[in-house]
Amino acid sequence: MMFIAFPILAIMVTLDNLENGISYIFFSLPFIFLKVYLSPILFLVCVIIFILKFYFVLYIKEKRKPNVFTLISLAFFFVYCLMPTGSYNLNTLLRLFIFIAIFIAFNMVLQKSDVFRGHYNIKIVCIAIIISSIFSLTYYFNPYLKDYIIMVYVDGNLARFMALFIHPNVLAMFCEVLLSLLLYYIASNKSTKTDFILFGIMSFIGLLTFSKTYLIIFAFLVIFLFGLQFKRNFKITSLVFASLAILFSLFFILLPNAGQRILDRFIGSIGSCKKFGDFMNMITTGRYDLWKEYLSYLGHNPVALFFGRGLGAPSLSSKLSPHNAYISMLYELGIVGTIFLVQALYSIFRNKFKKDQPAPHWAIIIPIIVIAMIFFVEDLIFYIFD
């Protein structure tokens, strides 16, 4: 099927306009993990086709010129990344490619933001995740899905929902980011009823992943949403809040065993926490010890702290990545490399936010906070594969 779907996607991206092309790519995101390695590679080919088409329009048809300051900043960063501070391996090549993709994506959005139709495409991704979630429910009688989906369980028998993604945590991160973006449009008075409906559906899908990080971020977003809506329409918001409270109460009353298993997943071991470290490991699923190990290493190795161990750096004695993007970035790039990375990103964004540009709505802080919170518990592009 993928040898039919992705060639069709490539043809659509090639022949249609840029606006629709990027929407096709966004819609495909929840479906690219069914065949690990092969599906993402085929999807990547479609993305490269779109990028080439985009820059052909930008620099050939519209005859725009690249920013020299940006090119110099990017060159400094990539030269630093290729310096022999550590080993060169698959991690190195993978991260360099991801960095290139991120810089290209940011530059494309800022150069022609109208092409990306942010609000519209956020809804597109939400709808695609809903469709993939429905399709994933055929897992128990669909032999194709049983061959490619590896279920993840809590305590051996409680399945964590993952739709068609490679892991429940990946789906959880998608839901976290999408909810924060939907809340941005709600807070900035740019929303429609569809945004509220999608917010509710994506909230439910995210809860089914049984991700602790998702629950913390979701609680933050819900508190913010209700606080905002109480000010705007106290009566309707109070009615919605009361209805949800009743539904949750009925769930725990009618299904006490299921409710207890859910509580055990998130706070079941809190009684065994005898010190701060135990509590942190409980809420971070063991990540706290990893953070301490890597920070301790950097504290005892000032050269690594300042210059990093390179993008191909191996994991430490735990044989696990830090599961914290900030620590991983410091471990791999060091203080100097992190400064180069920030400078490269600043060079891309600086022209967009000149004095003559309107300031973004204050609600933009919502997705920024959520992404910053995700960085605390996931390595993302800095994940170390051993």
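Attention in this report is confined to the structure presented alongside it. (Residues numbered from 1 in each chain as written. Predicted model: local features only at pLDDT ≥ 70, side-chain atom pairs only at ≥ 80, totals over all residues. Heavy atoms only, no water.)

## Concerning the overall build of the protein
Where we set the bar: Helix and strand definitions follow DSSP, with helices as H or I runs of at least four residues and strands as E runs of at least two, each counted in order from the N terminus. For this measure, only C-alpha atoms enter the radius of gyration; the expected value for a globule follows 2.2 Å times N^0.38, where N is the number of residues. Any residue under 20% of the maximum accessible area for its type is buried, any over 50% is exposed, and the rest in between are partly exposed; the area is computed with a 1.4 Å probe on protein chains only. In summary, the charge assignment counts Lys and Arg as positive and Asp and Glu as negative, without counting His or the chain termini. Every charge is mapped onto a representative atom, which is NZ of Lys, CZ of Arg, CG of Asp or CD of Glu.
The secondary structure content of the protein amounts to 18 helices and 2 strands. Its C-alpha atoms give the protein a radius of gyration of 22 Å, near enough to 21 Å, the size a compact globule of 386 residues would have. Along the first, second and third principal axes, the C-alpha set of the protein runs to 65 × 55 × 50 Å. A total of 386 residues make up the protein; the buried ones form 41% of that total. Measuring between centres, the 30 positive side-chain charges of the protein sit 7 Å from its 17 negative side-chain charges.

## What about the packing of helix α2 (residues 18-28) against helix α3 (residues 38-61)?
Put simply, the rule is: For helices, the fitted axis covers only the stretch in contact; all axes are lines through C-alpha atoms, and the angles between them, taken along N-to-C directions, range from 0 to 180 degrees. Roughly parallel here means an angle under 35 degrees, roughly antiparallel means over 145, roughly perpendicular means 65 to 115, and every remaining angle is called oblique. Left-handed describes a crossing whose near helix is turned anticlockwise from the far helix by less than a right angle; the clockwise case is right-handed. Any pair of residues with heavy atoms lying within 4.5 Å of one another is described as a contacting pair. Just so you know the grouping, Ala, Val, Leu, Ile, Met, Phe, Trp, Tyr, Cys and Pro go in nonpolar, Asp, Glu, Lys and Arg go in charged, and all remaining residues, Gly too, go in polar.
Where α2 contacts α3, the two axes come as close as 11 Å, and the packing angle between them is 160 degrees. Comparing their axes, α3 and α2 come out roughly antiparallel. Along this stretch, α2 crosses α3, giving a crossing that reads as left-handed. Between α2 and α3, the contacting residues are Leu18, Gly21, Ile22, Ile25 and Ser28 on the first element and Phe43, Cys46, Val47, Phe50, Lys53, Phe54 and Val57 on the second. Within the contact of α2 with α3, the residues separate by chemical class into 9 nonpolar, 2 polar and 1 charged.

## A closer look at the packing of aromatic side chains
Here is the rule we go by: Classification of ring pairs rests on two measures: the distance between centres of Phe, Tyr or Trp rings, Trp counted by its six-membered ring, which must be within 6.5 Å, and the angle between planes, read as stacked under 30 degrees, edge-to-face over 60 and tilted in between.
For the structure shown, the criterion picks out 27 aromatic pairs. Summarising the aromatic geometry, the rings of Phe99 and Phe103 are spaced 6.2 Å apart at their centres and angled 20 degrees between planes, so their arrangement reads as stacked. Here Phe99 pairs with Phe103, and both are found in helix α5 (residues 90-111), just 4 residues apart, close to one helical turn. Residue classification places Phe99 among the buried residues on the basis of a relative accessible area of 3%. Look at Phe226 and Phe241: their rings are 5.4 Å apart centre to centre, the planes differ by 80 degrees, and that puts the pair in the edge-to-face class. Within this pair, whereas Phe226 is found in helix α11 (residues 212-232), its partner Phe241 is found in helix α12 (residues 234-254), the two being separated by 15 residues in sequence. Taken together, the aromatic side chains of Phe50, Phe54, Tyr55, Tyr59 and Phe116 make up a single cluster linked through ring pairs.

## Comments concerning a nonpolar patch on the surface
The test is simple: Surface patches are drawn from residues lacking salt bridges whose relative accessible area is over 30%; two like charges belong together within 9 Å, two nonpolar side chains (Val, Leu, Ile, Met, Phe, Trp, Tyr) within 5 Å. Computed with a 1.4 Å probe, the accessible areas rest on the Shrake-Rupley method; for each residue, only the protein chains presented here act as cover. Salt bridges are defined as contacts in which a side-chain nitrogen from Lys or Arg sits within 4 Å of a carboxyl oxygen from Asp or Glu.
On the surface, a nonpolar cluster with roughly 1,100 Å² of combined accessible area is contributed by Ile236, Val240, Leu244, Ile246, Leu247, Phe248, Leu250, Phe251, Phe252, Ile253, Leu254 and Leu255. Tracing the sequence through the fold places Ile236 in helix α12.

## What to know about the side chain of Ser203
Following the sequence through the fold, Ser203 ends up in helix α10 (residues 193-207). Ignoring anything within four residues of it in the chain, the contact list for Ser203 reads Leu179, Tyr214 and Phe218.

## Quick look at the environment of Pro66
Within the secondary structure layout, Pro66 lies in the loop between α3 and α4 (68-81). Pro66 has contacts with Tyr59 and Leu71, leaving out every residue within four places of it along the chain.

## Remarks on the pattern of salt bridges
Across all of its chains, the model carries 5 salt bridges by this definition. Note that Lys112 and Glu62 form a salt bridge whose closest N and O atoms lie 2.8 Å from each other. Placement of Lys112 in the loop between α5 and α6 (113-116) and of Glu62 in the loop between α3 and α4 is noted, with a sequence separation of 50 residues between them. For Lys112, a relative accessible area of 9% gives the class buried. For Glu332, the salt bridge goes to Arg95, with nearest N and O atoms at 2.7 Å. Of the two residues, Glu332 sits in helix α17 (residues 325-349) while Arg95 sits in helix α5, which places them 237 residues apart along the sequence.

## A word on helix α14 (residues 276-284)
Looking only at α14, the buried set comprises Gly277, Met280, Asn281, Met282 and Thr284. Looking one or two residues past α14, Thr285 carries a phi angle of roughly 55 degrees, positive in sign.

## Examining unusual backbone geometry
The backbone phi angle of Ala163 is positive, close to 50 degrees, even though this residue is not glycine. Mapped onto the elements, Ala163 comes out in the loop between β2 (158-160) and α9 (168-187). Among the residues examined, Ala163 registers a relative accessible area of 3% and is labelled buried. Phi angles above zero are rare outside glycine, and His323 is one such case at about 55 degrees. Tracing the chain through its elements places His323 in the loop between α16 (302-307) and α17. Residue classification places His323 among the buried residues on the basis of a relative accessible area of 16%.

## Section: the state of the cysteines
For clarity, the threshold we go by: Any two cysteine sulfur atoms within 2.5 Å of one another count as a disulfide.
Within this structure, the stated rule accounts for 0 disulfides. Cys126 supplies the cysteine sulfur nearest to Cys175, a cysteine that is in no disulfide, at a spacing of 8.2 Å. A relative accessible area of 0% places Cys175 in the buried class.

The values reported here are purely geometric and, on their own, carry no functional implication.
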